[in-house]
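Residues per chain, in single letters:
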Amino acid sequence: MVKTPFVTKEQLDEIVKTYPTPFHLYDEKGIRQTARDLKEAFSWNEGFREYFAVKATPTPAILKILKEEGCGVDCSSLTELIMSERCGFADGDSIMFSSNETPEEEFILADKLGAYINLDDITHIDFLKEACGIPERICCRYNPGGFFNLGTDIMDNPGDAKYGMTKAQMFEAFKRLKKEGVKEFGIHSFLASNTVSNEYYPVLASILFNLAVELHENLDVHIDFINLSGGVGIPYRPDQEPNDIFAIGKGVQEAYEKILVPAGMGDVKLKTELGRFMTGPHGHLVVKAIHEKHIYKEYIGVDACAVNLMRPAMYGAYHHITVMGKENAPCDHVYDVVGSLCENNDKFAIDRKLPKIDIGDLLVIHDTGAHGFAMGYNYNGKLKSAELLLQEDGGCRMIRRPETVEDYFATVEGFDF
Ligand SMILES: *Cc1c(COP(=O)(O)O)cnc(C)c1O
């Protein structure tokens, strides 16, 4: 599939007059459409709701859009909880708290905000009881261990992951929690990340549905919801086929009707905690070519760096690049497109075939709407960029200003700076 930016060169030329590069740009229309598609794909399940994984795009304007589309939020830290409260999600049903190695004050705040608490470990039962008491509604995170293989190139290694409880611990935990007065139970699991496959959710759902039936039948507990968590991916590469969320919803429905309904559990609500799938394709990192260098290889230096987008440096991740205005030019040059960090892994692309790039060209780095800005850091004294929203009406506004040097110095203590 050809990857085309959601913004035109003409629009970008206009935007950079007001907001200089580099910046993250988000597409409101695309985010809303994805949220609506997901909702429709699961509309057969009465209690279905998406809890957007805040860590993917912790930007209040984005959270507000998703709230308008009916989503809740999934948090895993104190700051994310506070952000969600300030964005109006603390209504008792709109925050999922899926944390691990959780500090006491985070459980206390989650409880106060009426969040669904998702326990990562059996020992957290006592820890939570000590911190704020056991609520009547609680979720436990399951880790089936071993190796998870979809039979395609998608696999992951839950047995090597720090998250969740073993099956025996799930039974133990539910027994304990029932004794502690819990009335409504949830089950959560996250087995594979960025799955570009319509099979992941249905396979995961079957595992969780079977476990739910066993827990219900053996312990006489009411399973209120099953949380399929995140992990539905996006096609970062142009040769990948995007997920079909309607096929995914149908696959989960078939498992639901085969496993839960015959067990008399047709009232189980489904929840998701998608991050990447919701916003990933609807963000671009927009940068400008400021240098070209010819040594043993050809380099294009841009005005952003790994501080603005860490995934290539951290995971060797592929992010597609479009040179604006040269969409139809032949890709007859091979470049490393690099940032300015004193780190040789600060490369947005390596040996990438691209059209000839001239100084001043605008480059769109695709699929940065999730785990992009969010992973930013300040190495080399580099500052985080602005975030802009391309509105549905075609207008553009800043939703986070760029960091300043004074922001960077603001935490210095004991020294007149
Ligand atoms: C990161 C995370 C998500 C979101 O994952 P995506 O791959 O962005 O969909 C959801 N739930 C939990 C607990 C997570 O840690």
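Before reading further, recall that the structure is shown in the block above.
Parameters and conventions
Residues numbered from 1 in each chain as written. Predicted model: local features only at pLDDT ≥ 70, side-chain atom pairs only at ≥ 80, totals over all residues. Heavy atoms only, no water. Axes fitted to C-alpha atoms, helices over the stretch in contact; angles between N-to-C directions. Helix = DSSP H or I, 4+ residues; strand = E, 2+ residues; numbered from the N terminus. Parallel < 35°, antiparallel > 145°, perpendicular 65-115°, else oblique. Left-handed = near helix turned anticlockwise from the far one by under 90°. Contact = heavy atoms within 4.5 Å. Nonpolar A, V, L, I, M, F, W, Y, C, P; charged D, E, K, R; others polar. Phe/Tyr/Trp six-rings, centres within 6.5 Å; stacked < 30°, edge-to-face > 60°. Buried < 20%, exposed > 50% of the residue type's maximum accessible area, 1.4 Å probe, protein only.

Things to note about the packing of helix α8 (residues 200-219) against helix α9 (residues 245-260)
Packed helices, taken two at a time, are described by the angle between their axes plus the distance between the axes.
Part 1: Here α8 crosses α9 at 20°, and the two axes come no closer than 9 Å. In terms of axis orientation, α8 runs roughly parallel to α9. Between α8 and α9 the crossing geometry is right-handed. Of α9, the residues touching α8 (which contributes Tyr201, Pro202, Ala205, Ser206, Phe209, Asn210, Ala212 and Val213) are Ile248, Gly251, Val252, Ala255, Tyr256, Ile259 and Leu260.
Part 2: Each residue belonging to the contact of α8 with α9 can be placed in one class, and the counts come to 12 nonpolar, three polar and no charged.

What to know about the packing of aromatic side chains
Part 1: All told, the structure shown has 13 aromatic pairs when counted by the stated rule.
Part 2: Aromatic pair Trp44 and Tyr256: ring centres 5.2 Å apart, planes at 70°, arrangement edge-to-face. Separated by 212 residues along the polypeptide, Trp44 in the loop between α2 (28-41) and β2 (49-53) and Tyr256 in helix α9 bring together distant segments of the chain.
Part 3: Ring geometry for Phe148 versus Tyr200: centroids 5.8 Å apart, planes at 85°, classification edge-to-face. Highlighted residues: Phe148 in strand β7 (residues 148-149) and Tyr200 in helix α8, separated in sequence by 52 residues.
Part 4: Phe148 sits in the buried class, given a relative accessible area of 7%.
Part 5: For Tyr200, a relative accessible area of 0% gives the class buried.

Remember that the coordinates give geometry; whether it matters functionally is a separate question.
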